[in-house]
Amino acid sequence: MTTIIGISGSLRRESFNTALLRAAVALMPADIELEIASIQHIPLYNGDLEGEGIPAAVSALKDRIAGAAGLLLCTPEYNNSIPGVMKNAIDWLSRPADDIARVFGDKPVAIMGASPGPYGTQLSQNAWLAVLRTLRTQPWFGGRLMVARAGSAFNDQGDLVDEKVRGQLRQFVEGFSQVARSNRNAS
Ligand code: FNR
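A short tour of the structure in this document, coming up. (Residues numbered from 1 in each chain as written. Predicted model: local features only at pLDDT ≥ 70, side-chain atom pairs only at ≥ 80, totals over all residues. Heavy atoms only, no water.)

Around the ligand, the neighbouring residues are Ser10, Arg12, Ser15, Phe16, Asn17, Pro76, Glu77, Tyr78, Asn79, Asn80, Ser115 and Pro116. A distance of 2.9 Å is found between an oxygen atom of the ligand and a backbone nitrogen or oxygen belonging to Phe16. Protein chains shield 69% of the accessible area of the ligand, which is 620 Å² for the free molecule. (Near = heavy atom within 4 Å. Polar contact = N/O pair within 3.5 Å; in protein donor to acceptor, adjacent residues only side chain to side chain. Areas by Shrake-Rupley, 256 points an atom, 1.4 Å probe, with all protein chains shown as cover.)

Written as structure tokens, this is what we have:
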């Protein structure tokens, strides 16, 4: 089975971005598994803490990403950019720097996101590109998914009820799955 790791950048119980990731799990092709990984237990980055050793939650997530055929980031947008908690998680995952190639090097990475506003995380998705370039990932540009007005795309239980968005999400995950498949075949 080919595995993609999915990370939601929100810790909120009723997060639209986590709900979007859950909806993606249900739409994956049969041969690809999307595993949702939480960033809940990743501490705030502190060089002193790093000096004492990489926290277990960070090491475990690094290993899961390193072993996966792709990484799917589901990003909220805060103040027209990346939310701090999500950037903090990726910053930890990039430590120590000499381990970046193992975890992120040439890793296919897709970005999607959901927001109650009208632009659906367009600016935070753009802001991620600089980070993905720095980590020498392979950002996937074969599709874009910006779920705007998320309050009406999901119901109160967090189910994706907008059929148009569901179709876009299906297309998005199918496209990214193709890249993950060929990455897996290459290794
Ligand atoms: C926001 N929100 C927001 N939305 C947006 O589309 N553009 C933005 O720049 C911002 N800025 C922003 C800043 C801060 C500090 C907060 C807390 C929120 C709204 C945001 O999209 C909304 O809270 C989403 O629901 C967050 O994603 P989750 O938690 O639902 O996944």
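Picking up after the structure, the text goes on.
Next up on the list: unusual backbone geometry. Cis geometry marks the peptide bond from Arg95 to Pro96; its omega dihedral reads -15°. As for its placement among the helices and strands, Pro96 is situated in the loop between helix H4 (84-93) and helix H5 (100-104). Even without glycine at this site, Asp106 takes up a positive phi of about 60°. Within the fold, Asp106 resides in the loop between H5 and strand S4 (108-114). With relative accessibility at 53%, the residue Asp106 sits in the exposed group. Of note, the phi angle at Arg136 is positive, near 55°, even though the residue is not glycine. Relative to the helices and strands, Arg136 is located in the loop between helix H6 (122-134) and strand S5 (138-139). Overall, Arg136 belongs to the exposed group, its relative accessible area being 66%. (Helix = DSSP H or I, 4+ residues; strand = E, 2+ residues; numbered from the N terminus. Buried < 20%, exposed > 50% of the residue type's maximum accessible area, 1.4 Å probe, protein only.)

The next thing to look at is the pairing of S4. Summarising burial for S4: 7 of the 7 residues are buried, a large majority. Residues Pro108, Ala110, Met112 and Ala114 point to one face of S4 and Val109, Ile111 and Gly113 to the other, with burial holding for every one of them. Both strand S3 (residues 70-74) and S4 contribute to a ladder of 4 bridges, which runs parallel. When the sheet's bridge partners are listed, Cys74 is paired in S4 with Met112. (Pairing = 2+ DSSP bridges.)

Time to look at the pattern of salt bridges. Taken as a whole and assessed by the stated rule, the structure comprises 8 salt bridges. The salt bridge involving Arg64 is made with Glu35; its shortest N-O contact spans 2.9 Å. Placement of Arg64 in helix H3 (residues 56-66) and of Glu35 in strand S2 (residues 32-37) is noted, with a sequence separation of 29 residues between them. Using a relative accessible area of 26% as the deciding quantity, one classes Glu35 as partly exposed. Ionic pairing is found between Arg102 and Asp99, a salt bridge with its closest N-O pair at 2.8 Å. (Salt bridge = Lys/Arg side-chain N within 4 Å of Asp/Glu carboxyl O.)

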